Amino acid sequence: MSGAVKGPASRVVHAGRSRGRTVGPVIEKGSTVLMPNAAALYDETQVTYGRGGLASQEALAEALCELEGATRVRLFPSGLSAVTGSLLAVLKAGDELLVTDAIYKPTRRFCDQVLVRFGVTPRYYDPTLSAGGLESLLTPKTRLILMESPGSLTFEMQDSPGVARMARSRGVLTLLDNTWAAGFWFQPLAHGVDISVQALTKYMGGCSDIFMGSAATADPDLAIALDHAVRDVGWSVSPEDAYEMLRGLRSLPVRLERHQQSGLEVARWLSAKFEVAQVLFPALPGTRGHDIWRRDYAGAAGLFTFVLTPRPAAAAPTFLDALEVFRLGFSWGGFESLALHCDPQFGGRSHVPDLAGPAIRLSIGLEDPKDLIADLERGFSAIA
């Protein structure tokens, strides 16, 4: 990339640029890749089969390397497969895995129902633990610490740089699910984390219509392990989806800024409501984890949770069913605002969060914040 391009937004726009006559990469479709000579057929430095990714996949991976500060990015067909693929790349029978108890529920399911069948032991830790507290949980079998910061339901912020330093001193690897920051507001690799994973499905795509994930690393040995994980399991992403994801990347800084501004406006309004006991949003001053967020992050996503004052659990569905602008759904990071009831997902946790009342997560989209606030007021009226 040209040395004249230095700002983060400029780098996102120019990373992975087309080498052809159009601003976007060529979409190459095909399974068979024709090689120039017999020796090239077995040259592992080249793509010899279409599943390995051609022009659009290569351009997207190159752009994500620039975004993440990585030497290698592997693409996966979903965010979940990026996490599970990374785990399979580095874990073996007999290893122990420390997992934040705030982890994405499907990741927990993979740990509990798949990894254990192959002799890997997951242990869940309190996501509010400091690096020192986490160090006390390490055993000689601990191979990897799996973090998600902030947690995608209760938004605990981990001192991931501190955890990474501690883990490296003990010969333990670290992996961070960095989907909330989208690789733009926070770069885990620059803070010592070994593998940075994103569900590109969320903010990167931005339109809730593409599944994809990525795993980034600056470690050459881990890069080889990720390459082998993708190759040996047979994961691939389509050239059309890679093209669309790269197009989403170009507008990521502008969209994230709007998500952040609207999210903060709605969160401030909620924090003043007498029906709200707590807002779980690290970017909001005075909230849990704000100091870590302010130290390490350049901005915030539009995803957060608010907790109602003590009332029956049925109040949350009543609140949600009264909404008209917010849609009800599990994903986030798209242009549309979404809401869901968090409490049904707390049952599997080892460290159940101590909340005053029912918890509702909001993904603030690109609508006018005033319309979102008016819609939330409808919800409060329904439970008055």
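Criteria and cut-off values
- Residues numbered from 1 in each chain as written.
- Predicted model: local features only at pLDDT ≥ 70, side-chain atom pairs only at ≥ 80, totals over all residues.
- Heavy atoms only, no water.
- Pairing = 2+ DSSP bridges.
- Helix = DSSP H or I, 4+ residues; strand = E, 2+ residues; numbered from the N terminus.
- Axes fitted to C-alpha atoms, helices over the stretch in contact; angles between N-to-C directions.
- Contact = heavy atoms within 4.5 Å.
- Buried < 20%, exposed > 50% of the residue type's maximum accessible area, 1.4 Å probe, protein only.
- Polar contact = N/O pair within 3.5 Å; in protein donor to acceptor, adjacent residues only side chain to side chain.
- Phe/Tyr/Trp six-rings, centres within 6.5 Å; stacked < 30°, edge-to-face > 60°.
- Expected span 1.5 Å × (residues − 1).
- Salt bridge = Lys/Arg side-chain N within 4 Å of Asp/Glu carboxyl O.

J.: An account of the sheet that holds strand 2 (residues 96-100) is needed here, citing residue identities and associated values.
T.: Taken in spatial order, the seven strands of this open sheet run 1-7-6-5-4-2-3, and their pairing is mixed. In this open sheet, the two edge strands, each paired with only one partner strand, are strand 1 (72-76) and strand 3 (121-125). Across the sheet, the mean angle from the axis of one strand to that of its neighbour is 20 degrees, orientation sign disregarded. In the sheet, strand 2 pairs with strand 4 (residues 142-148) via four bridges, with the strands oriented parallel. When the bridges of strand 4 are listed, leucine 97 appears paired with leucine 144. Of the strands in this sheet, strand 1, strand 2, strand 4, strand 5 (173-177), strand 6 (195-199) and strand 7 (213-217) are in contact with helix 3 (residues 79-90), which crosses strand 6 at around 155 degrees. Here helix 6 (residues 160-169) sits on the sheet and contacts strand 4 and strand 5; the angle it forms with strand 4, its principal contact strand, is near 175 degrees.

J.: Please set out the side chain of aspartate 101 residue by residue, giving values where relevant.
T.: Mapped onto the secondary structure, aspartate 101 falls in the loop between strand 2 and helix 4 (105-113). Owing to a relative accessible area of 0%, aspartate 101 belongs among the buried residues under this scheme. Here serine 350 takes part through its backbone nitrogen, which lies 3.0 Å from a polar atom of the side chain of aspartate 101. Not counting chain neighbours up to four residues away, the residues in contact with aspartate 101 comprise Arg108, Tyr124, Tyr125, Pro127, Arg349, Ser350 and His351.

J.: How would you explain the packing of aromatic side chains if you had to name every residue and give the values?
T.: According to the stated counting rule, one finds 10 aromatic pairs in the structure shown. Ring geometry for tryptophan 180 and tyrosine 297: centres 6.0 Å apart, planes at 65 degrees, overall edge-to-face. In this pair, tryptophan 180 sits in the loop between strand 5 and strand 6 while tyrosine 297 sits in the loop between helix 10 (290-296) and strand 9 (303-308), placing the two residues 117 residues apart along the sequence. Ring geometry for phenylalanine 306 against phenylalanine 380: centres 6.1 Å apart, planes inclined by 50 degrees, an arrangement best described as tilted. Residue phenylalanine 306 is located in strand 9, and its partner phenylalanine 380 is located in helix 12 (residues 369-382); the two are separated by 74 residues in the primary sequence. There is no split in this pair, since phenylalanine 306 and phenylalanine 380 are both buried. Through successive ring pairs, a cluster of aromatic residues spans Trp269, Phe306, Phe319 and Phe380.

J.: Which residues make up helix 8 (residues 239-250), and what are the values?
T.: Between its first and last C-alpha atoms helix 8 spans 17 Å; for 12 residues at 1.5 Å apiece the expected length is 16 Å, and the two agree. Those residues of helix 8 not exposed but buried are Pro239, Ala242, Met245, Leu246, Gly248 and Leu249.

J.: Just give me the short version of the environment of valine 254, but keep the residues and values in it.
T.: Here valine 254 lies in helix 9 (residues 252-271). Separated by 107 residues in the primary sequence, valine 254 and methionine 147 place their C-alpha atoms 27 Å from one another.

J.: Before we move on, could you go through the pattern of salt bridges and cite the residues and values that matter?
T.: Using the criterion set out here, one finds 18 salt bridges in the structure. Arginine 74 is the partner of aspartate 227 in a salt bridge, and the nearest nitrogen-oxygen pair spans 3.2 Å. Taken together, the positions of aspartate 227 in helix 7 (residues 220-233) and arginine 74 in strand 1 put the pair 153 residues apart, joining distant regions of the chain. Assigned by exposure class, aspartate 227 and arginine 74 land together as buried.

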